[in-house]
Amino acid sequence: MWWGTTKRILIVIAALGVLPAAGVRAEQPPGRAWELVSPSEKGGNDVIADTSRTHAAAGAAAGLPAAIAFASLGGFGDAIGGGIATEYLAQRTAQHGTSGWSTHAITPQQQPMSVTAAAGQLDPAYEAFTPELEQAVFRAWSPVTSAPNVAEVENLYAREDLRTPGTGSYRLLTSAPAPLPPIDRGSKRPFFAAATDDLAHVLFESRLALTADAPAGNPMLFKADGDALRLLAPVGGCPGGGFAAQPCSVAGLGAISLHQTADALSADGSRAVLTSAVTFGGSVSTTAPSRLFQLDDRGTPTTGDDALVQLNASELDTPEQAHAASFQGASADGERVLFTSAERLSDDAAPGGGLYLWERQPTSTTQQLSVDASAGTFTLRAQLPTANVGADTTDPLPFDASAATVQAALAPLANVGARNMSVSGGVGGPYAIAFGGALAGVAVPPLVADPSGLSGGGASATVTMTHAVHNISSIAPGGAEAFVLGAARDGRRVYFVAPGQLLAGGPPVAEDGVYLWHAEPGGGSGAISFVGALNFGDALANAAAAAVNLQARTSRVTPDGRALLFEVSDENGVGAGHDHGACGENPNDTTTGRCAELYVYRADASTPLAPAVACASCQPSGAPTDANALLSIRAGAGAAQLTAHLSHALSDDGRRVFFSSAAPLVPVDANGQVDAYEYDVPSGTVRLLSGGRDTAASYFLDASANGDDAFFVTREQLVGWDVDRAYDLYDARVGGGFPDPPVAPPACTGDACRGQAHAAPPVAGLGSATLVGPVRAAVRHVVRRRAKACRRGFERRKLHGRKRCVKKRRHRQARDRRAHRAPAAHRGARGSRAR
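An account of the accompanying structure is given in this report. Predicted, not measured: the structure shown is a model, and the values here were computed from it.

**A short note on the overall build of the chain**
Part 1: Of regular secondary structure, the chain possesses seven helices and 48 strands.
Part 2: Expressed as a percentage of the 835 residues in the chain, the buried residues total 51%.
Part 3: Intrachain contacts of the chain at a sequence separation of at least 6 include 59% that bridge at least 24 residues.
Part 4: When the accessible surface of the chain is totalled, it reaches about 35800 Å², and 54% of it is carbon and sulfur.

Below is the structure:
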């Protein structure tokens with residue numbers, strides 16, 4: 001009996017299409033499942049498709065769920081503030097009966113902006129996040145704390161509880177010692193440059209007098225160490241329209257123009273790379289060539305152990321004419337700094353300069369000071385060899401001064417630092433000055449005897465350096481045209497572009513070549529490997545401009561430097577044999593007329609002259625393409641502010657590549673629109689992340705460090721929780737996925753809308769707790785259709801195609817009367833035999 005009823009139920013359920021058929025979810029990415037990240041209800045607002053405004057958590061911290069920050073031009077949910085865009089943070093909750101994600105707004109209350117401010121992209125925005133999105137740096141149009149003196153200017157704050165819904169807890173970074181007057185916030189806004197992972201140290205630029213020693217006017221570099229703020233600037237001002245007598249410096253190559261400056265601050269916050277001088281507009285000066293410095297504060301709040309080192313100080317016996325230095329990157333510990341210059345700075349450099357590596361050495365420098373005087377005094381001068389940084393000179397020293405006296409005289413010099421050197425010897429013999437601390441392993445600022453300080457019986461005072469340290473080595477020639485695509489975190493693997501062929505016997509290079517410089521610890525000067533060739537007008541050849549984030553960077557490097565992902569539009573120099581077809585335009589200003597494709601270089605599988613390069617975005621069939629493949633996307637963002645964030649398009653292990661392309665790289669992609677893709681490097685397989693069926697484009701935005709979470713936006717409703725046609729944020733997650741919400745039964749029509757006279761009793765023991773929506777409706781339908789019993793003397797028979805209760809025939813009535821009169825035992829026996 002139970003099987004018959006259950007069978008009828010299952011037949012009805014199958015007829016309704018409730019039971020999943022085999023392969024119904026086959027369109028999902030292999031090994032992944034879609035999860036709706038943004039809220040189901042957003043009031044019709046879109047999630048912005050902007051890689052610079054979408055930040056995925058790295059996913060390395062135990063106990064923290066996956067998370068991602070994103071932006072929308074509209075407000076929804078618990079939004080309490082906003083500018084041109086409102087920002088949100090979503091966290092994966094995996095809560096039963098939900099989409100598995102919760103979202104809360106993270107933009108605090110802000111005052112309305114002027115039209116000029118909105119047009120100038122000065123809306124409040126989050127500039128940077130900690131790796132797990134627990135904290136962030138927020139640039140505010142109006143104050144979010146009660147801190148004094150800064151009410152009329154834009155400010156930077158560190159929000160310390162980003163994963164907690166609510167108004168937030170903030171720490172002011174751009175504090176000021178005195179009230180700042182109301183000014184044009186567009187030209188005097190702070191520019192975020194870099195920060196440590198915990199936001200304990202934040203580097204930024206400003207023209208405001210934020211410290212007592214910082215006069216307003218020139219662009220200046222500041223570092224916030226917790227609640228303490230200090231000015232980082234050499235002596236010297238900005239030429240060409242600036243305030244020449246005032247400090248003038250920027251982080252790395254400069255954050256004012258949105259250059260990449262993340263490497264300008266070491267991981268522990270103690271070392272900062274800065275450029276001085278700069279022009280009034282913030283770009284590198286041509287009238288007074290800029291110099292590159294590293295300020296090392298040894299991680300202490302005192303200045304006595306600080307050391308200011310010029311990184312591009314010539315190590316030639318006879319320095320050449322000075323040229324500007326351009327910051328290109330640095331190792332995480334600040335031990336190695338990459339820069340370019342058209343000046344020949346070292347003995348191994350070619351005429352015209354090129355790409356240089358400044359590397360701190362393990363040994364210390366000892367300088368021998370000889371004083372040839374029978375009476376009177378002498379002075380010493382610590383001179384950084386640049387016109388923009390003044391010399392520090394000691395007070396007059398007696399010719400027979402003790403070593404302690406000389407050390408005390410040198411200690412106040414800003415370029416040396418009290419705790420970085422010690423003096424011994426003297427009194428009739430030479431003085432020995434040894435350098436350590438922040439100057440250990442550094443070619444220190446040269447100490448020279450100041451002739452004007454000699455007096456009395458003095459004949460001469462000379463300084464002789466022994467155990468000289470050389471920090472600069474040439475990586476590649478090419479003058480200022482060379483530039484770095486990316487480097488390993490330890491600075492020992494560097495990918496760069498330089499003009500011409502650098503390797504004898506290598507493939508011909510008509511214009512520029514892509515190369516890898518690699519040096520093992522203690523392995524000497526390093527070696528160069530060929531990666532590929534570029535032609536004029538290629539997207540990667542324009543990467544000098546791509547260092548400015550106004551034009552998205554076209555390359556990614558893994559933290560260990562063993563894999564490079566780069567964009568190329570002219571495949572002739574790559575040698576992979578793919579047809580790039582024809583594309584009229586490219587967002588990265590390609591002018592070759594060909595489509596941009598993405599290639600992966602694997603250092604471990606390559607030799608210096610035979611690169612292992614695979615195309616991640618090319619047609620698997622080898623057919624020509626007619627669409628660009630892109631790492632960075634900016635669509636539907638309106639006038640919302642750009643940030644310096646780069647998408648995690650290459651997983652940290654180099655095994656996964658994520659990108660957007662309108663090319664149909666898999667058969668299921670049949671919509672002719674841009675879609676989000678993943679390329680598996682070991683297998684050489686390309687996979688679709690988005691649905692590939694919608695009439696609107698879908699875009700990849702960001703991913704976790706290991707690539708298990710890959711986020712994209714789409715209008716396609718890929719899961720049941722998605723109830724509108726707005727752009728939503730999805731996670732294509734490895735091992736992910738949640739049940740769709742219960743589906744409401746279809747609306748009734750016609751006679752089916754007539755209700756039953758009495759409710760049917762519930763059916764027990766059928767496992768109905770696991771059936772929802774149409775399943776429950778089907779069960780009720782089966783139960784309600786049970787036939788009603790006929791009254792005594794009647795039986796149900798089919799007449800004229802319908803079953804009716806009709807009077808029983810005479811022989812059947814007699815049989816029923818005999819059965820009724822039979823003894824109970826007899827009836828039981830007969831029933832047993834029947835069974």
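**Quick look at the sheet that holds strand S13 (residues 220-225)**
Part 1: Pairing in this open sheet of four strands is antiparallel, and the strands run S11-S12-S13-S14 from one edge to the other. Edge strands, defined here as strands with exactly one partner in the open sheet, are strand S11 (191-195) and strand S14 (228-232). Averaged over all adjacent pairs, the angle separating strand axes in this sheet is 25°, with direction ignored.
Part 2: Across six bridges, the pairing between strand S12 (residues 201-206) and S13 is antiparallel. Bridging across to S13, leucine 203 finds its partner in lysine 223.

**Describing the sheet that holds strand S21 (residues 354-359)**
Part 1: Pairing within the open sheet is antiparallel, and its four strands lie in the order S19-S20-S21-S30. Looking at strand neighbours, the two that pair on one side only are strand S19 (325-330) and strand S30 (472-477), the edges of this open sheet. The mean inter-strand angle of the sheet, taken between neighbouring strand axes irrespective of direction, is 30°.

**With respect to the pairing of strand S7 (residues 125-129)**
Part 1: Counting buried residues in S7 gives five out of five residues, a clear majority hidden from the surface.
Part 2: Alignment of S7 against strand S8 (residues 136-140), held across four bridges, turns out to be antiparallel. Paired with alanine 125 across the bridge in S8 is arginine 139.
Part 3: Joining the antiparallel neighbours S7 and S8 is a turn of six residues, in which leucine 133 adopts a positive phi near 60°.

**Notes on unusual backbone geometry**
Leave glycine aside and you will find that most residues have negative phi; peptide bonds, for their part, are mostly trans.
Part 1: Cis geometry is found at the peptide bond from serine 276 to alanine 277, where omega equals 5°.
Part 2: Note on placement: alanine 277 falls in the loop between strand S16 (271-276) and strand S17 (291-296).
Part 3: Positive phi, close to 60°, is recorded for leucine 133, a residue that is not glycine.
Part 4: Note on leucine 133: relative accessible area 1%, which makes it buried.

**Some details on the packing of aromatic side chains**
Part 1: Under the definition given, this model contains 15 aromatic pairs.
Part 2: Between tyrosine 495 and tyrosine 601 the ring centres are 6.0 Å apart and the planes differ by 80°, which places this aromatic pair in the edge-to-face class. Placement of the pair is tyrosine 495 in strand S32 (residues 493-499) and tyrosine 601 in strand S37 (residues 597-602), with a sequence separation of 106 residues. No difference in accessibility class separates tyrosine 495 from tyrosine 601, as the two residues are buried.

**Topic: the environment of alanine 66**
Part 1: Tracing the backbone shows alanine 66 in the loop between strand S3 (55-56) and strand S4 (67-72).
Part 2: Judged by its relative accessible area of 18%, alanine 66 is buried.
Part 3: When residues no more than four places from it in sequence are discounted, the contact partners of alanine 66 are Ala90, Gln91, Arg92, Trp101, Asp709 and Arg733.

**Notes on the pairing of S4**
Consecutive side chains along a regular strand alternate between the two faces of the sheet.
Part 1: Taking burial as the measure, the six residues of S4 include six buried ones, the bulk of the element.
Part 2: Where S3 lies against S4, two bridges are found, and the strand directions are antiparallel. Across the sheet, residue histidine 55 finds its bridge partner in S4, namely alanine 69.

**Here's the deal with the side chain of threonine 130**
Part 1: By the secondary structure assignment, threonine 130 is in the loop between S7 and S8.
Part 2: The residues touching threonine 130, leaving out its near neighbours within four places in the chain, are Gln135, Asp197, Asp198 and Leu199.

**A few points about the pattern of salt bridges**
Between side chains of opposite charge, pairing is possible as soon as their charged atoms come close.
Part 1: Applying the stated criterion across every chain yields a total of 29 salt bridges.
Part 2: Two residues, aspartate 46 and arginine 715, come together in a salt bridge whose shortest N-O distance is 3.3 Å. One end of the pair, aspartate 46, is in the loop between strand S1 (32-36) and strand S2 (49-50); the other, arginine 715, is in the loop between strand S45 (709-714) and strand S46 (728-734), and 669 residues separate them in sequence.
Part 3: Exposure remark for arginine 715: the relative accessible area of 23% places this residue in the partly exposed category.
Part 4: Among the ionic pairs, glutamate 335 bridges to arginine 271, the shortest N-O distance being 2.8 Å. Taken together, the residues span a long stretch of sequence, with glutamate 335 in the loop between S19 and strand S20 (336-341) and arginine 271 in strand S16 at a distance of 64 residues.
Part 5: If you follow the salt bridges from partner to partner, you end up with Lys223, Asp225, Arg230, Asp297 and Asp306 in one network.

**Structural notes on the state of the cysteines**
Disulfide: a covalent bond connecting the sulfur atoms of a pair of cysteines.
Part 1: A full pass over the atoms with the stated rule returns three disulfides.
Part 2: Put simply, cysteine 583 and cysteine 595 are joined by a disulfide, and their sulfur atoms are 1.9 Å apart. A torsion of 90° about the S-S bond marks the disulfide between cysteine 583 and cysteine 595 as right-handed. Taken together, the positions of cysteine 583 in the loop between strand S36 (563-568) and S37 and cysteine 595 in the loop between S36 and S37 put the pair twelve residues apart, joining distant regions of the chain.
Part 3: Judged by its relative accessible area of 10%, cysteine 583 is buried.
Part 4: Among the residues examined, cysteine 595 registers a relative accessible area of 0% and is labelled buried.
Part 5: A sulfur-sulfur separation of 2.0 Å characterises the disulfide bridge that pairs cysteine 615 with cysteine 618. Judged by the sign of its S-S torsion, about 80°, the bond between cysteine 615 and cysteine 618 is right-handed. The exposure classification of cysteine 615 matches that of cysteine 618, with both residues buried.

**Comments concerning the nonpolar core**
Part 1: Core analysis: the largest hydrophobic core is formed by 61 residues, its most contacted members being Leu203 and Leu410.
Part 2: Sort the elements by how many residues they give to this core and helix H3 (residues 403-410) lands first, with four residues.
Part 3: Every residue in contact with leucine 410, bar those within four places of it in the chain, is listed here: Leu380, Thr394, Val416, Met421, Val423, Ile433 and Leu447.
Part 4: Grouped together as the second largest cluster of nonpolar side chains are 36 residues, Ala136, Leu180, Phe204 and Met220 included.

What counts as what
Residues numbered from 1 in each chain as written. Predicted model: local features only at pLDDT ≥ 70, side-chain atom pairs only at ≥ 80, totals over all residues. Heavy atoms only, no water. Helix = DSSP H or I, 4+ residues; strand = E, 2+ residues; numbered from the N terminus. Buried < 20%, exposed > 50% of the residue type's maximum accessible area, 1.4 Å probe, protein only. Contact = heavy atoms within 4.5 Å. Areas by Shrake-Rupley, 256 points an atom, 1.4 Å probe, with all protein chains shown as cover. Pairing = 2+ DSSP bridges. Axes fitted to C-alpha atoms, helices over the stretch in contact; angles between N-to-C directions. Phe/Tyr/Trp six-rings, centres within 6.5 Å; stacked < 30°, edge-to-face > 60°. Salt bridge = Lys/Arg side-chain N within 4 Å of Asp/Glu carboxyl O. Disulfide = S-S within 2.5 Å. Core = buried A, V, L, I, M, F, W, Y, C linked by side-chain atoms within 4.5 Å.

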